[in-house]
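Below, each chain spelled out in residue letters.
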Amino acid sequence: MDPVTDNRAPEPLTEYAQRLAHRVRAFDRRRPLLWDLPFTGFWVTAALIDYTGGGWRNNAHQLDVPGWLLLTLSLGLSVPLLRRRTHPGAALATTAPFALLNAWTGAALQAALLQLVLVYHLALRRPLRDLWWATALVIGPVLLSAFRHGEGTWDQQIGSHLMSITVAALIGVTVRTRRDYTEALEDRARRLETERDQQAQLATAAERARIAREMHDIIGHNLSVITGLADGGRYAAAKSPDRAAQALDAIATTSRQALTELRRLLDVLREEERQQADLTPQPGLTDLAPLLDGVRSAGLPVSTTTHGSPSLPPGRQLTVYRVIQEALTNTLKHGGPDATAHIELSYEEKAAVTVTITDTGNGSSTEGTSRTSRTSRSGRGLPGMRERTALYGGTLEAGPRPHPEQGWRVRLRLPEESPQ
């Protein structure tokens, strides 16, 4: 079965066993002596029982070995197991003299087989090249016993011990491979979780930046229009009440439009209405006419020239709309009372487009400094326009018009759309 497509949840008993094994391993790593002491104590007790009960006589080559020596050999072959996990090589080297003495005296204590436990831990925890000298340490007493006491054939004794060493080493290597594989999977899972969290944070930051740009464009433009209408209505109130009433109507219309766009944007942040809400306000080229009408009603005359027929996808339409909106908003703020604006749109093939917005602002140093400073601030004016343009590999130029002309020019260029 394909492990990628097998999404079945683990059985409850299996999941419980996995959790229990994980807890046991974690507890053992924190307090290793709580397991090492009973384990070592068991084999020390078994070695002492073999000595005190006389079981060693069944395999011994010499029966007249002193009791104190048998006790020393039993402890020397079993007590080093306490260090089998932390220092398996040192523990095996510690048992080597006792194993040689055990073979030389002919006692042939069964505790000598505990060296296979140390071989297992050596294969589990140390480089595999250490198995060569470990094998020599374990085989040495066998060769000495065969040479000194000469019971059984050499190939039988050496072959059986080599087989035992090989089995112990293979078990250690197998457990080690499985452990390393599990650790690699756990490490990969941790890295994937970290990467997932980082991707989520990046996506959140990008979404916040996008919402900030939209909020700036919506609020900044509409408030500039409302401010212009309010100033015009205030001047007209004394001389022409009808013009003042028209300005108030235009302010109400612009405010409603701004509230509608803000509701559509903020609905994205409401989780319970995510399915019903539009994911983002998406004004396009068809919304340019109401935009220009609002700007004109705020007191800024705007003319347009169009070349070609528009055939832009929604994303590019939004970029064009927002750039025009930001440029006109800046003209309302900085252009002065007698400024005019002109928009030239050139549509080309494969969704390429060039937009040039020029105005005839007063061209004073204060106005130029005010606009230029927007490009270096951390705000959302011209930097936001450049961010939108960069999404499509385009270019955005903004600066004063060449002398002797007065005013400001913004030029947007979006190249041809790349084929998917």
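From a predicted model like this one, the values you see are computed outputs, not experimental measurements.

The next subject is the layout of surface pockets. In this structure, the largest pocket encloses a volume near 1,100 Å³. Forming the boundary of the largest pocket are 29 residues, of which Ala21, Arg25, Arg29, Arg179 and Thr182 lie nearest the centre. Among the residues making up the lining of the largest pocket, the classes are represented as 12 nonpolar, 5 polar and 12 charged. Residue lining of the second largest pocket: 22 residues in total, with Asn102, Ala108, Ala112, Val142 and His161 positioned closest to the centre. The class makeup of the residues in the lining of the second largest pocket is 11 nonpolar, 10 polar and 1 charged.

In this section: the side chain of Thr356. Looking at the secondary structure, you find Thr356 in strand E3 (residues 353–359). With sequence-adjacent residues up to four places away left out, Thr356 is seen in contact with His342, Ile343, Glu344, Arg409, Val410 and Arg411.

Let's shift gears to the pattern of salt bridges. Enumeration over the complete set of coordinates arrives at 9 salt bridges. A salt bridge links Arg85 to Asp36; its shortest N-O distance comes to 3.0 Å. Linking Arg85 in the loop between helix H3 (67–78) and helix H4 (88–105) with Asp36 in helix H2 (residues 33–52), this pair joins segments that are 49 residues apart in sequence. For Asp36, a relative accessible area of 4% puts it in the buried group. Of the charged contacts, one joins Arg413 and Glu348 as a salt bridge, the two residues approaching to 2.7 Å between their closest N and O atoms. Here Arg413, found in strand E5 (residues 408–414), pairs with Glu348, found in the loop between strand E2 (341–347) and E3; they are 65 residues apart in sequence, far enough to count as distant.

What follows concerns the nonpolar core. Grouped burial of nonpolar side chains is what soluble globular proteins tend to show. Judged by nonpolar contacts, the single largest core of 30 residues is most densely connected at Val320, Ile324, Leu328, Ile343, Val355 and Ile357. Of all the secondary-structure elements, those providing two or more residues to this core are helix H9 (288–297), helix H10 (314–334), E2, E3, helix H12 (382–390) and E5. When residues in this core are grouped by element, the largest group, 6 residues, is from H10. The contacts of Val355, once residues within four sequence positions are left out, are Val320, Ile324, Ile343, Glu344, Leu345, Val410, Arg411 and Leu412. Of all hydrophobic cores here, the second largest spans 20 residues; its members include Val117, Leu118, Ala123 and Ile165.

What counts as what
- Residues numbered from 1 in each chain as written.
- Predicted model: local features only at pLDDT ≥ 70, side-chain atom pairs only at ≥ 80, totals over all residues.
- Heavy atoms only, no water.
- 1 Å grid on protein atoms, 1.4 Å probe; cavity = no way out; pocket = protein on both sides within 12 Å on 5 of 7 lines; lining within 4 Å.
- Points joined across faces, edges and corners; volume = space filled by probe spheres on them.
- Nonpolar A, V, L, I, M, F, W, Y, C, P; charged D, E, K, R; others polar.
- Helix = DSSP H or I, 4+ residues; strand = E, 2+ residues; numbered from the N terminus.
- Contact = heavy atoms within 4.5 Å.
- Salt bridge = Lys/Arg side-chain N within 4 Å of Asp/Glu carboxyl O.
- Buried < 20%, exposed > 50% of the residue type's maximum accessible area, 1.4 Å probe, protein only.
- Core = buried A, V, L, I, M, F, W, Y, C linked by side-chain atoms within 4.5 Å.

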